[in-house]
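Single-letter residue listing:
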Amino acid sequence: MLLIDCPHCGPRDENEYHYGGQAGIPYPLGETTDEEWAAFVFLRDNPKGWFRERWFHAHGCRTWFDVERHTVTHEVRKAR
Amino acid sequence: MTHPDFLWRNPDPKPAYDVVIVGGGGHGLATAYYLARNHGITNVAVLERGWLAGGNMARNTTIIRSNYLWDESAAIYEHSLKLWEGLSAELDYDLQFSQRGVLNLAHSLGDVREGRRRVNANRLNGVDAEWLDADEVRKFCPIINVSGSARYPVMGATLQRRGGIAKHDHVAWALARKADAYGIDLIQGCEVTGFELSGGRVTGVRTSRGPIAAGKVALAAAGHTSVLAALAGVRLPLQSHPLQALVSELLEPVLDCVVMSNAVHVYVSQAHKGELVMGAGIDAYNSYGQRGGVHVIEAQMAAALELFPLFGRVRVLRTWAGIVDVSPDASPIIGPTPVENLYVNAGWGTGGFKATPGAGWVYAHTIAGERPHPLAEPFGLDRFTTGALIDEHGAAAVAH
């Protein structure tokens with residue numbers, strides 16, 4: 001069970017949260033090609049190492065926020 | 001009685017091969033075997049970072065079935081199941097393939113409708129399937145709690161009688177032995193650290209044991225496919241997650257079929273040796289850590305005890321996790337990549353074991369013929385751009 005620091009509520013157990021995947025995926029502006037649209041919908045980074053990701057405090061303050069988490073050690077730190 | 005001979009050589013890598021397969025798990029070994037058997041291509045190396053079949057091949061729950069909803073999935077998984085049915089004889093090795101029947105339980109009216117629809121779809125695709133009502137489920141598997149007051153009432157189930165389990169280690173060893181006999185080099189302790197690229201084409205791999213030239217490079221690395229593909233500059237629509245499973249202490253025979261419940265994320269069978277083998281759903285977050293949260297196991301156990309009150313005093317012996325590569329539509333990705341001569345077989349997610357021979361068959365065909373096998377064609381990378389997804393998420397992919 002991960003211990004994740006909610007910016008509003010402080011450290012809480014992982015099962016209070018809902019996972020949101022990679023952070024910082026902007027909605028494409030203007031016209032997109034099929035390839036650009038497919039990349040926006042389906043392509044996400046999948047690094048072995050530090051990963052900036054979103055969490056939703058579903059059973060708490062219901063805030064979305066970003067953290068950085070290491071995908072091997074599971075260490076969590078503040079998003080920079 | 002003497003100790004058996006080693007089943008395969010332990011060769012050093014040669015400077016060059018026609019085909020280099022990256023990943024010595026079930027799919028890599030099956031691909032090597034069928035490259036030799038079906039296409040006469042034997043100048044092949046299988047490179048394995050650790051030891052053969054020590055990744056997901058050693059961590060799965062060994063369930064084999066082909067009762068998928070969509071035509072494309074039913075075709076490729078049924079092809080695989082038909083191969084399983086002859087594989088012990090062909091490989092001259094007892095794979096302990098046991099067609100004991102796979103139940104997929106329905107706990108709600110929605111589940112019932114989905115199950116009945118899938119039974120009909122399966123039959124139209126030549127896949128054996130039956131619908132059992134709750135009383136028939138009780139007769140088929142008496143230890144399931146089918147009472148109306150159960151936390152997860154059993155309203156029926158689909159049954160695929162030809163489904164079952166096999167002994168995963170035997171599958172790997174049998175394929176490795178045959179591939180080795182064809183002269184294929186199975187090279188363990190050899191990590192791929194990069195690719196030689198020239199003009200948009202791959203010409204070799206860099207490894208922890210030196211460079212190896214290759215006519216073609218075929219990825220078969222499951223959860224680590226994204227990491228490898230990135231070394232070749234290719235982004236794939238895959239996310240790696242932990243998938244946990246566990247075994248109980250050894251029991252007398254108590255469960256003679258496979259029981260799956262997608263709704264509560266439990267699947268269970270009893271291995272030949274006697275342990276109950278149970279799998280959970282994936283942990284939510286991306287990870288390469290080969291471990292997951294205890295709360296996932298706890299939720300799975302809670303559901304299992306509701307379904308099988310008999311298991312209340314069974315002790316868990318061991319839990320573990322494998323890293324599974326999940327695609328957006330929960331279907332595999334098989335075929336060429338944007339880099340010429342670089343092929344990918346990935347995205348099998350939580351259900352790759354059952355596909356071992358089928359995946360190897362169509363992947364070998366795709367590599368040898370430089371065009372997708374007809375059964376693999378719908379599973380190309382381009383489907384995410386064309387929108388022709390094979391969406392097994394709602395249909396069959398929650399629990400494999």
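Worth saying up front: this structure is predicted, and the values here are computed from it rather than measured.

Engineer: What should I look at first to understand the interface of chain A and chain B in this one?
Structural biologist: How big an interface is tends to be stated in terms of the accessible area lost upon association of its parts. Taken together, the contacts link 22 residues of chain A with 24 residues of chain B. The three residues of chain A that bury the most area against chain B are A:Phe42, A:Asn46 and A:Lys48, which together make up 33% of that side's buried surface. The tally of links from chain A across to chain B stands at one salt bridge. A:Asp45 serves as the salt-bridge partner of B:Arg235, at 2.7 Å between the closest nitrogen and oxygen. Taken together, the links from chain A to chain B amount to 16 residue pairs in polar contact (both at pLDDT 80 or more). The set of elements that each furnish at least two residues to the side of chain A that touches chain B consists of α1 (34–42) and β4 (50–56) of chain A. For the side of chain A that touches chain B, the element with the highest residue contribution is α1(A), accounting for four residues. Broken down by class, the residue content of the side of chain A that touches chain B amounts to ten nonpolar, five polar and seven charged.

Engineer: Please explain unusual backbone geometry as it appears in this structure.
Structural biologist: Only a minority of non-glycine residues have a phi that is not negative, and only a minority of peptide bonds are not trans. Residues and elements named next belong to chain B. Positive phi, normally seen in glycine, also occurs at aspartate 92, with a value near 55 degrees. On the basis of relative accessibility, which here comes to 58%, the residue aspartate 92 falls in the exposed class. Phi at glutamate 370 takes a positive value of approximately 55 degrees, unusual for a residue other than glycine. Looking at the element boundaries, glutamate 370 is found in the loop between α8 (356–369) and α9 (383–386). Residue classification places glutamate 370 among the exposed positions, given a relative accessible area of 53%.

Engineer: Would you mind going over the domain arrangement of chain B with me for this structure?
Structural biologist: Residue and element names in this part refer to chain B. Under the domain assignment used here, chain B contains domain 1 (16–60 + 168–237 + 328–396) and domain 2 (99–161 + 239–326). Each of domain 1 and domain 2 was reduced to a C-alpha centroid, and the two centroids are 29 Å apart. With 17 residues of domain 1 in contact, the opposing surface of domain 2 contributes 17 residues. Taken together, both faces of the contact between domain 1 and domain 2 bury some 1300 Å²; the carbon and sulfur share is 49%. Area buried by domain 1 at its contact with domain 2 is led by Arg59, Gly223 and Thr350, which between them contribute 38% of it. Our enumeration of links across domain 1 and domain 2 arrives at zero salt bridges. Our count for the domain 1 to domain 2 interface comes out at seven residue pairs in polar contact (both at pLDDT 80 or more).

Engineer: Help me understand helix α7 (residues 294–307) of chain B in this model?
Structural biologist: Helical geometry: 3.6 residues make up each α-helical turn, so side chains three or four residues apart lie on a common side. Residue and element names in this part refer to chain B. Counted at 1.5 Å a residue, the expected span for α7 with its 14 residues is 20 Å, and the 20 Å between its end C-alpha atoms agrees. Residues of α7 that are buried include every one of His295, Val296, Ile297, Gln300, Met301, Ala303, Ala304 and Leu307, and no others. Packed against the buried residues of α7 are β4 (102–106), β12 (239–250), β13 (258–261), β14 (266–270), β15 (275–282) and β16 (316–326).

Engineer: Can you help me understand the nonpolar core in this one?
Structural biologist: Soluble globular proteins tend to pack their nonpolar side chains together in the buried interior. B:Ile21, B:Trp84 and B:Leu186 are the most contacted members of the largest nonpolar core, which has 53 residues in total. If you list the elements that add at least two residues to this core, you get β1 (16–22), α1 (26–39), β2 (44–47), α2 (71–91), α5 (168–181) and α8 of chain B. When neighbours within four sequence positions are excluded, B:Trp84 is seen to be in contact with B:Ile64, B:Leu95, B:Phe97, B:Ala166, B:Val171, B:Phe353, B:Lys354, B:Thr356 and B:Pro357. Counting residues in hydrophobic clusters, the runner-up holds 30 residues, among them A:Phe42, B:Val192, B:Val202 and B:Leu342.

Engineer: Help me out: how do you make sense of the sheet that holds strand β5 (residues 64–70) of chain A in this one?
Structural biologist: Pairing between sheet strands relies on hydrogen bonds along the backbone, with the strands arranged either parallel or antiparallel. Residue and element names in this part refer to chain A. With antiparallel pairing, the four strands of this open sheet are ordered in space as β3-β4-β5-β6. The sheet is open, and its two borders are formed by β3 (18–22) and β6 (76–78), each paired with just one other strand. The sheet shows a mean angle of 40 degrees between the axes of neighbouring strands, taken without regard to direction. Here four bridges tie β3 to β4, and the two strands are oriented antiparallel to one another. In the sheet register, tyrosine 19 faces β4, and the bridge partner there is tryptophan 55.

Engineer: I keep staring at the packing of aromatic side chains and nothing clicks. Help me out?
Structural biologist: Geometrically, a pair of aromatic rings is defined through the distance of the ring centres and the angle of the planes. Enumeration according to the criterion identifies 16 aromatic pairs over all chains in this entry. A centroid spacing of 5.8 Å and a plane angle of 85 degrees characterise the contact between B:Tyr77 and B:Trp348, whose relative ring orientation is edge-to-face. Remark: B:Trp348 occurs in the loop between β18 (342–346) and α8 and B:Tyr77 occurs in helix α2; sequence separation between them is 271 residues. No difference in accessibility class separates B:Tyr77 from B:Trp348, as the two residues are buried. Clustering of aromatic rings is evident, with ring pairs tying together A:Tyr17, A:Tyr19, A:Trp55 and A:Phe65. The positively charged end of A:Arg77 is found above the aromatic ring belonging to A:Trp50, 3.7 Å away from the centroid.

Engineer: Is there a simple way to explain the UniProt feature "domain: Rhodanese" (unreviewed entry) in chain B in this structure?
Structural biologist: UniProt records the feature "domain: Rhodanese" (unreviewed entry) at residues 19–63 of chain B, using the numbering of this structure. The span residues 19–63 of chain B shows a helical share of 31% and a strand share of 20%, and its end C-alpha atoms are spaced 30 Å apart.

Engineer: Explain the environment of B:Asn262 to me, please; I cannot follow it from the model alone.
Structural biologist: Note that B:Asn262 resides in the loop between β13 and β14. Spatially, the C-alpha atom of B:Asn262 lies 9.3 Å from that of B:His107, the residues being 155 residues apart in sequence.

Engineer: How should the pattern of salt bridges be read in this particular structure?
Structural biologist: Following the criterion strictly, the structure yields 24 salt bridges over all chains and no others. Because the salt bridges share partners, they merge into one network encompassing B:Glu78, B:Lys82, B:Glu85, B:Asp128 and B:Arg162.

Engineer: Sorry if this is basic, but what is going on with the environment of B:Ala166 here?
Structural biologist: Residue and element names in this part refer to chain B. Within the secondary structure, alanine 166 is located in the loop between β7 (164–165) and α5. Taking the C-alpha atoms as reference points, alanine 166 and isoleucine 63, separated by 103 residues in sequence, lie 7.3 Å from one another. Once residues lying within four places of it in the same chain are set aside, the contact partners of alanine 166 are Thr62, Ile64, Trp84, Leu95, Gln96, Phe97, Val171 and Phe353.

Rules used in this analysis
Counting restarts for each chain, with residues numbered from 1 along the sequence as it is written. Each chain is given a letter, starting from A, and each ligand a number, starting from 1, according to the order in which they appear as written. A pLDDT threshold of at least 70 governs which residues receive local features in this predicted model, and a stricter bar of 80 or more applies before side-chain atom pairs are shown or counted, although totals over entire chains, interfaces and linings include all residues. To obtain the side-chain values, all non-hydrogen atoms of the structure were included, while hydrogens and water were left out. Two residues form a contact once any of their heavy atoms are found within 4.5 Å. Computed with a 1.4 Å rolling probe, the buried area is the accessible surface lost when two parts are put together, summed over both parts. Any carboxyl oxygen of Asp or Glu that lies within 4 Å of a side-chain nitrogen of Lys or Arg is treated as forming a salt bridge with it. Two N or O atoms form a polar contact when they lie within 3.5 Å of each other; inside protein one atom must be a possible hydrogen donor and the other a possible acceptor, and for residues adjacent in sequence the pair counts only when both atoms belong to side chains. Secondary structure is summarised from DSSP: a helix means a run of H or I of at least four residues, a strand means a run of E of at least two, and numbering begins at the N terminus for each. In the scheme used here, Gly and all other residues not listed as nonpolar or charged are polar, with Ala, Val, Leu, Ile, Met, Phe, Trp, Tyr, Cys and Pro taken as nonpolar and Asp, Glu, Lys and Arg as charged. Buried residues are those whose accessible area, probed at 1.4 Å on protein chains only, stays under 20% of the maximum for their type, while exposed residues exceed 50% and partly exposed ones sit between those limits. Residue ranges for the domains trace back to a domain assignment, done automatically or taken from a database. In this analysis, the expected span of each helix is defined as 1.5 Å times one less than the number of residues it contains. Note on terminology: a nonpolar core comprises buried Ala, Val, Leu, Ile, Met, Phe, Trp, Tyr and Cys residues joined through side-chain atoms within 4.5 Å. If DSSP finds at least two bridges between two strands, the strands pair. Fitted lines through C-alpha atoms serve as axes, helices being fitted only where they are in contact, and the angles separating the N-to-C directions of these axes extend from 0 to 180 degrees. Planes of paired rings set the category: under 30 degrees apart is stacked, over 60 is edge-to-face and the rest tilted, where pairs are Phe, Tyr or Trp rings (Trp by its six-membered ring) whose centres lie within 6.5 Å. Criterion for a charge above a ring: Arg CZ or Lys NZ at most 6 Å from the ring centre, at most 35 degrees from the ring normal. UniProt positions are given in the numbering used here, feature names are shortened, and annotations may be inferred rather than shown by experiment.

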